[in-house]
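Working through the structure, step by step
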Amino acid sequence: MFATFFSVAVVAGAFCYALRGPQAVVNSISDAWSELIALAVELVLGLVIASAVGILVPKNKVSRWLGENSGFRGLGIATALGMVTPGGPYASFPLVLSLSKAGADTGALIAFLTAWAASSVSRLLIWEIPMLGLDFAVLRFVVSIPLPFVAGFLAREIAARYRASGEQSHAG
């Protein structure tokens, strides 16, 4: 993967140099460095938040609320958490990792991420209503609400079948 990105970066740099000169390459590297610093800061802060959640929320509660036996209620809790989690992937993905380590099951994690991606309240309020209008934004939000439940339920079913087929292949 590194070799692919490195090769594409070298080719892009060569085109940049050929079309715009050496200063354009310097500007590109400078912009990339600034983006890297900003992303690193966001990622570190997201990991700190996720680690704090992992320490503050007892694992037995996460397992009970979002674990394998949490049922539809667990999908609902995960969906609600995903809907109200602000920020980008640098906040949500470390949080999912932390919840996974604390005992949340695949279905709840899928429901969380689907809700965060499709039904974010902060995105609705900050971006969608102001840009798309109240009627369209609310309609889009409402029709998206079932998606995390469906995705979480399907993830649980697929994970259960995968585990069952793995157990059968080890038994024989």
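Quick note: structure is the one above.
An account of the accompanying structure is given in this report. (Residues numbered from 1 in each chain as written. Predicted model: local features only at pLDDT ≥ 70, side-chain atom pairs only at ≥ 80, totals over all residues. Heavy atoms only, no water.)

Here we look at the overall build of the protein chain
For the protein chain, the count of helices and strands is 9 helices and 0 strands. Mapped from its N terminus to its C terminus, the protein chain presents α and β elements in the order α-α-α-α-α-α-α-α-α. Taken over C-alpha atoms, the radius of gyration comes to 21 Å for the protein chain, far larger than the 16 Å a tight globule of 172 residues would show. Each principal axis of the C-alpha distribution contributes one length, and for the protein chain these read about 60 × 55 × 30 Å. Within the protein chain, the fraction of its 172 residues that count as buried is 27%. Counting contacts in the protein chain only where the partners sit at least 6 residues apart, residues at least 24 apart contribute 71% of the total. (Helix = DSSP H or I, 4+ residues; strand = E, 2+ residues; numbered from the N terminus. Rg over C-alpha atoms; globule rule 2.2 N^0.38 Å. Buried < 20%, exposed > 50% of the residue type's maximum accessible area, 1.4 Å probe, protein only. Contact = heavy atoms within 4.5 Å.)

What to know about the nonpolar core
Membership of the largest hydrophobic core comes to 13 residues, with the highest contact counts inside it found for Val 62, Leu 66, Ala 78, Leu 99, Ala 104, Leu 109 and Phe 112. Looking at this core, the elements that each hand over two or more residues are helix 3 (59–66), helix 4 (71–84), helix 5 (89–101) and helix 6 (106–118). Ranked by residues supplied to this core, first place goes to helix 6 with 4 residues. In contact with Ala 104, not counting residues within four places along its chain, are Val 62, Leu 66, Gly 67, Leu 99 and Leu 109. One finds Met 83, Ala 115, Leu 124 and Ala 137 within the second-largest nonpolar core, a separate group that totals 5 residues. (Core = buried A, V, L, I, M, F, W, Y, C linked by side-chain atoms within 4.5 Å.)

Some remarks on the side chain of Ser 144
By secondary structure assignment, the location of Ser 144 is in helix 8 (residues 134–144). If we skip the residues at most four places from it in the chain, Ser 144 touches Ala 118 and Ser 119.

Re helix 4
The end-to-end C-alpha distance of helix 4 is 21 Å, a good match for the 20 Å that 14 residues give at a rise of 1.5 Å each. Taken together, the buried positions of helix 4 are occupied by Gly 74, Leu 75, Ala 78, Thr 79, Gly 82 and Met 83. Take helix 4 and look down its axis: the buried residues cluster within an arc of 165°, on one side only. (Expected span 1.5 Å × (residues − 1). Arc of directions from axis to C-beta.)

Considerations on the pattern of salt bridges
Across all of its chains, the model carries 4 salt bridges by this definition. Where Glu 68 meets Arg 163, a salt bridge forms, and the shortest distance between an N and an O atom there is 3.9 Å. Of this pair, Glu 68 sits in the loop between helix 3 and helix 4 while Arg 163 sits in helix 9 (residues 146–171), and the two are 95 residues apart along the sequence. According to the relative accessible area criterion, Arg 163 is partly exposed, its value standing at 38%. Of the charged contacts in the structure, one is a salt bridge between Glu 128 and Arg 123, with a shortest N-O distance of 2.9 Å. A relative accessible area of 8% means that Glu 128 is categorised as buried. Three or more residues are tied together by salt bridges with common partners; here these are Arg 123, Glu 128 and Arg 140. (Salt bridge = Lys/Arg side-chain N within 4 Å of Asp/Glu carboxyl O.)

Observations regarding the side chain of Ser 119
Looking at the secondary structure, you find Ser 119 in the loop between helix 6 and helix 7 (121–132). At a separation of 3.4 Å, a polar atom in the side chain of Ser 119 contacts the main-chain carbonyl oxygen of Ser 144. (Polar contact = N/O pair within 3.5 Å; in protein donor to acceptor, adjacent residues only side chain to side chain.)

Examining the environment of Leu 97
Residue placement: Leu 97 occurs in helix 5. On the basis of relative accessibility, which here comes to 44%, the residue Leu 97 falls in the partly exposed class.

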